[in-house]
Amino acid sequence: PMHEGRRVMEGPVRIDLSQAEALVLFELLSRELDLPYYGVFAGLITNEAEIWALDGLLGALQRVLSAPFSDDYAAQLTRAAAALIERRGTLPQDDG
């Protein structure tokens, strides 16, 4: 029946992220989703479900992260971004 498919689609999924990845992703999602028309995502989405999925991810990050609510959040975010770049490298520059 249709109810079984919906139950499968609503079941939880586990995603493993580093603390740095989670913090940087939290900042991006919270900053852009709070803007009118969802900031940079407005030009990227193809339907409302994509915004709701991003909002769900933001909510999940809010439930597990304490850093965004601490006094030194900006410093922690700066360290997280630097750690990600150190680990993954810088992106190639567009010379065009």
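Higher on the page you've got the structure.
Residues numbered from 1 in each chain as written. Predicted model: local features only at pLDDT ≥ 70, side-chain atom pairs only at ≥ 80, totals over all residues. Heavy atoms only, no water.

Draft legend 1. Fine view of the nonpolar core. Leu 23, Phe 26, Leu 29, Leu 33, Leu 61 and Leu 65 are the most contacted members of the largest nonpolar core, which has 16 residues in total. Secondary structure elements with two or more residues in this core: α2 (19-33), α3 (48-64) and α4 (73-88). Considering each element in turn, this core owes the most residues, six residues, to α2. Leaving out residues up to four positions away in the same chain, Leu 33 has contacts with Tyr 38, Phe 41, Ile 51, Leu 54, Asp 55 and Leu 58. (Core = buried A, V, L, I, M, F, W, Y, C linked by side-chain atoms within 4.5 Å. Buried < 20%, exposed > 50% of the residue type's maximum accessible area, 1.4 Å probe, protein only. Helix = DSSP H or I, 4+ residues; strand = E, 2+ residues; numbered from the N terminus. Contact = heavy atoms within 4.5 Å.)

Draft legend 2. View of α4. Here α4 is 16 residues long and its end C-alpha atoms lie 22 Å apart, about the 22 Å a rise of 1.5 Å per residue gives. All of the buried residues along α4 are Tyr 73, Leu 77, Ala 80 and Leu 84. Burial along α4 is one-sided: seen end-on, the buried residues are contained in an arc of 60°. Exposed residues lying more than 90 degrees from the buried face of α4 are Ala 74, Thr 78, Arg 79 and Glu 86. Where α4 is buried, its residues touch α2. A positive backbone phi angle near 95° is found at Gly 89, which sits one or two residues after α4. (Expected span 1.5 Å × (residues − 1). Arc of directions from axis to C-beta.)

Draft legend 3. View of the packing of aromatic side chains. Counting across every chain of the model gives two aromatic pairs. On the numbers, 6.5 Å between centres and 65° between planes, the contact of Phe 26 with Phe 69 is edge-to-face. Of this pair, Phe 26 sits in helix α2 while Phe 69 sits in the loop between α3 and α4, and the two are 43 residues apart along the sequence. By relative accessible area, Phe 26 is classed as buried at 6%. Judged by its relative accessible area of 57%, Phe 69 falls in the exposed class. Between Phe 26 and Tyr 73, the aromatic rings sit 6.4 Å apart at their centres with planes inclined by 90°, giving edge-to-face as the arrangement. In this pair, Phe 26 is assigned in helix α2 and Tyr 73 in helix α4, connecting sequence segments 47 residues apart. The pair Phe 26 / Tyr 73 is uniform in exposure class, with both members buried. Cluster of aromatic residues (ring-pair linked, three or more members): Phe 26, Phe 69 and Tyr 73. (Phe/Tyr/Trp six-rings, centres within 6.5 Å; stacked < 30°, edge-to-face > 60°.)

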